[in-house]
Amino acid sequence: MGRVFVVTLEGRIYSCKYCGTHIALSEDIMSKSFHSRNGKAYLFNKVANVTVGEKEDRMMMTGLHTVADIFCTRCGSNVGWKYETAHEKSQKYKEGKSVLERFKIYGPDGSSYWANREGHVGGSDAEDV
């Protein structure tokens, strides 16, 4: 395997909980009202230092989406997913955006969230209303 190159971000950084690699900036958050199987999740306009897995269709709370899991480039941990295609017109704004699960990342102040033990069954991307 070759050498892994990572981008160093500057500002209020969200980083991989497992290895500390910079993943996103707080200024790129589009919504803090998403949910995952493990609890809270944030929708980001852009992320860094991730690799994108295989695309798959998932039925989520807001309808059918084609998504791909995203992984930290340094340690390979799953940190969330990327929306490739939203099949419903009202959800098109998510295309090309990424969701980071708060349980899997540290916040800018070094904080992390505990997993939600009640978790959702199946994929979830619903926003709090």
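The name an unreviewed UniProt entry assigns to the protein is Protein yippee-like, from the organism Penstemon davidsonii. If you open the UniProt record of the protein and go to Sequence similarities (unreviewed entry), you find "Belongs to the yippee family."

Chemist: Just checking my understanding: could you explain the pairing of strand 5 (residues 50-60) for this structure?
Modeler: The pairing of strand 5 with strand 6 (residues 63-72) spans nine bridges and is classified as antiparallel. Looking across to strand 6, one finds that Met59 is bridged to Leu64. With antiparallel pairing between neighbouring strands as the criterion, strand 5 and strand 6 make up a hairpin whose turn holds two residues.

Chemist: Would you mind going over the sheet that holds strand 6 with me for this structure?
Modeler: Hydrogen bonds between backbone groups are what pair the strands of a sheet, and the pairing can be parallel or antiparallel. Spatially, the six strands line up as an open sheet ordered 3-4-8-7-6-5, and their pairing is antiparallel. The open sheet is flanked by strand 3 (29-36) and strand 5, the only strands paired with a single partner. Strand-to-strand twist across the sheet, computed as the mean angle between neighbouring axes with direction ignored, equals 30°. As paired strands, strand 7 (residues 78-86) and strand 8 (residues 98-101) are joined by three bridges and run antiparallel to one another. The residue of strand 8 that forms the bridge with Trp81 is Val99.

Chemist: Can you walk me through the environment of Gly96 in this structure?
Modeler: Within the secondary structure, Gly96 sits in the loop between strand 7 and strand 8. Gly96 gets classed as partly exposed once you look at its relative accessible area, which sits at 40%. A C-alpha to C-alpha distance of 9.5 Å links Gly96 and Val67, two positions 29 residues apart in sequence. With residues up to four places along the chain from it excluded, the contact list for Gly96 reads Asn45, Lys82 and Tyr83.

Calculation criteria
- Residues numbered from 1 in each chain as written.
- Predicted model: local features only at pLDDT ≥ 70, side-chain atom pairs only at ≥ 80, totals over all residues.
- Heavy atoms only, no water.
- UniProt positions renumbered as here; feature names shortened; annotations may be inferred.
- Pairing = 2+ DSSP bridges.
- Helix = DSSP H or I, 4+ residues; strand = E, 2+ residues; numbered from the N terminus.
- Axes fitted to C-alpha atoms, helices over the stretch in contact; angles between N-to-C directions.
- Buried < 20%, exposed > 50% of the residue type's maximum accessible area, 1.4 Å probe, protein only.
- Contact = heavy atoms within 4.5 Å.

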